[in-house]
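The lines below spell out each chain.
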Amino acid sequence: MRQSAFTGSKAALVHIRACGICGTDVTFVHMGGMPARSHLGGDLVPVRLGHEPAGEVVQVGAEVTGLNVGDRVVVNPQDAPTGIIGCGGKYGGMSEYLLIENAEVGRSVAVFPDSVPFDVASLNEPMAVARHCVNRSEAGPEDRAVVFGAGPIGLGAAIWLKLRGVKHVVVADVIPSRLEKALAVGADAVINSAEEDVIARLTELHGHAAGAAAVFNTVVGAAKWGAKLVMVAVQKKGFDIDLGGMLRSELTLIASQGYPTEIFGVTPELVEHQDRFAKLISHRVPSSQIDRAFELALTPGAAKKVVVTYDA
């Protein structure tokens, strides 16, 4: 969409300055290549990518209040009336301009200060996902937590757990560089599950956990009485669950999906702790090299968090 295409008294046009690449974007690309395509209604149709945008308001409709040209904003992709931005909706944030159809501060957009770089602001959406996971765990200061998977969401969960005051947070992964990053953002300990006996280590350091299906039964085998397992990753296939093991520890399995209330609740803390969150970004790739950005995101272990940047 070009700036001249703006219409709508309740709309706002945002010049995108940064947009993160999510695993969902990668999934769409795997399904149909570039441009991404998806099966909707039995047909293979184009999918506009990008649901982690941050940008600058360049036009505002006559009925929009509390939002001005020049404001720097992050977006709630799930609030768009024509479908989720970047996930099957009419618009995607991986573009020069994004139309916010019903622009409302606190609902469809949130304003952030000039002191926060656009690439860091683009972390708002995935960090809301991580925050909801941590909120679902109800972990408190006296708890110990284990995060399985040190991707952006897992690392975000580790940050939120520490900011929540959880006394000891362990992160497990198979990639050494990700474990180094986990320590850099505040994890108390890490486990290389490709080299270490995870159950033995968790016997020492386990507690409430946020994890994925691949490690589910490992968690069951090591869980203390009354532990919680929060599943935030999207599971593509079913797997056998050790129900007997869950019974032995009264393990609670909790699903975490999206960010029902967290999308802009995290914004002030992202601003306050921006230096810590900035460490999650491994690659900043200009939009002129977007193919390279997706190549990095599609290559296992090549990148932690890739953000596509757009010129002013």
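Residues numbered from 1 in each chain as written. Predicted model: local features only at pLDDT ≥ 70, side-chain atom pairs only at ≥ 80, totals over all residues. Heavy atoms only, no water.

J.: Got a minute to help me understand the side chain of serine 249 in this structure?
T.: If you trace the backbone, serine 249 turns up in helix 8 (residues 243–249). The contacts of serine 249, once residues within four sequence positions are left out, are Ala223, Lys224, Trp225, Gly226 and Ala227. (Helix = DSSP H or I, 4+ residues; strand = E, 2+ residues; numbered from the N terminus. Contact = heavy atoms within 4.5 Å.)

J.: Any chance you could explain the packing of aromatic side chains here in plain terms?
T.: Each pair of aromatic rings is reported with the distance of its centres and the angle of its planes. Scanning all chains against the criterion turns up two aromatic pairs. Judged by centre distance (5.9 Å) and plane angle (85 degrees), the ring pair of phenylalanine 112 and phenylalanine 118 falls under edge-to-face. Arranged with centres 5.0 Å apart and planes meeting at 50 degrees, the rings of tryptophan 160 and phenylalanine 277 form a pair that is tilted. Pair noted here: tryptophan 160 is in helix 4 (residues 152–163) and phenylalanine 277 is in helix 10 (residues 274–278), with a separation of 117 residues, a long-range link. By relative accessible area, which is 2% here, tryptophan 160 ends up buried. Directly above the ring of phenylalanine 118 sits arginine 72, whose terminal nitrogen or CZ lies 4.0 Å from the centroid. Note that arginine 131 overlies the ring of tryptophan 160, its terminal NZ or CZ placed 4.6 Å from the centroid. (Phe/Tyr/Trp six-rings, centres within 6.5 Å; stacked < 30°, edge-to-face > 60°. Buried < 20%, exposed > 50% of the residue type's maximum accessible area, 1.4 Å probe, protein only. Lys NZ or Arg CZ within 6 Å of the ring centre and 35° of its normal.)

J.: So what exactly am I meant to see when it comes to empty space enclosed by the protein here?
T.: With a probe scaled to a water molecule rolled over the atoms, the places where space remains empty come into view. One pass over the structure, following the stated rule, counts three cavities of 30 Å³ or more. Taken as a whole, the largest cavity encloses approximately 70 Å³ of empty space. In terms of lining, the largest cavity is formed by Val75, Asn76, Asp79, Ala80, Pro81, Ile85, Tyr91, Leu99, Ile100, Glu101, Asn102 and Ser108. A class-by-class count of the residues in the lining of the largest cavity yields seven nonpolar, three polar and two charged. (1 Å grid on protein atoms, 1.4 Å probe; cavity = no way out; pocket = protein on both sides within 12 Å on 5 of 7 lines; lining within 4 Å. Points joined across faces, edges and corners; volume = space filled by probe spheres on them. Nonpolar A, V, L, I, M, F, W, Y, C, P; charged D, E, K, R; others polar.)

J.: Teacher, can you tell me more about the pattern of salt bridges here?
T.: Tallied over the entire structure, the rule returns ten salt bridges. For the salt bridge of lysine 228 with glutamate 138, the shortest nitrogen-to-oxygen distance reads 3.0 Å. Residue lysine 228 is found in strand 12 (residues 228–231), and its partner glutamate 138 is found in the loop between helix 3 (124–137) and strand 8 (144–148); the two are separated by 90 residues along the sequence. Given the relative accessible area of 17%, lysine 228 is considered buried. A residue is classified by how much of its surface remains accessible, and glutamate 138, at 56% relative accessible area, is exposed. (Salt bridge = Lys/Arg side-chain N within 4 Å of Asp/Glu carboxyl O.)

J.: Is there a simple way to explain the packing of helix 3 against helix 4 in this structure?
T.: Pairs of packed helices are described in terms of their axes, by the angle between the two and the distance that separates them. Close contact between helix 3 and helix 4 brings their axes to 8 Å; oriented N to C, the two are set at 55 degrees. Judged by the angle between their axes, helix 3 and helix 4 are oblique. The handedness of the crossing between helix 3 and helix 4 is right-handed. In this structure, helix 3 uses Pro126, Met127, Val129, Ala130, Arg131, Val134 and Ser137 to contact helix 4, whose residues at the interface are Pro152, Ile153, Gly156, Ala157, Trp160 and Leu161. Partitioned by chemical class, the residues of the contact of helix 3 with helix 4 number ten nonpolar, two polar and one charged. (Axes fitted to C-alpha atoms, helices over the stretch in contact; angles between N-to-C directions. Parallel < 35°, antiparallel > 145°, perpendicular 65-115°, else oblique. Left-handed = near helix turned anticlockwise from the far one by under 90°.)

J.: Could you clarify how one ought to interpret unusual backbone geometry in this entry?
T.: Glycine aside, negative phi is the norm for most residues, and most peptide bonds take the trans geometry. The phi torsion at glutamate 138 lies on the positive side, around 60 degrees, for a residue other than glycine. Its identity as a non-glycine residue notwithstanding, glutamate 250 has a phi of 50 degrees, on the positive side. Examined against the element boundaries, glutamate 250 turns out to sit in the loop between helix 8 and strand 13 (252–255). Relative accessible area serves as the criterion here: at 47%, glutamate 250 is assigned to the partly exposed category.

J.: For this particular structure, what's the right way to read the nonpolar core?
T.: Side chains of nonpolar character tend, in soluble globular proteins, to be buried together. Counting 42 residues, the largest nonpolar core has Leu161, Val171 and Phe277 as its most contacted members. If you list the elements that add at least two residues to this core, you get strand 7 (109–112), helix 2 (118–121), helix 3, strand 8, helix 4, strand 9 (168–173) and helix 5 (176–184). Looking at which element gives the most residues to this core, the answer is helix 4, with six residues. In contact with leucine 161, other than residues within four places in its own chain, are Val134, Ser137, Ala139, Ala145, Val147, Val166 and Val169. Core analysis: the next-biggest nonpolar cluster, separate from the first, contains 35 residues, Phe28, Val57, Val73 and Leu99 among them. (Core = buried A, V, L, I, M, F, W, Y, C linked by side-chain atoms within 4.5 Å.)

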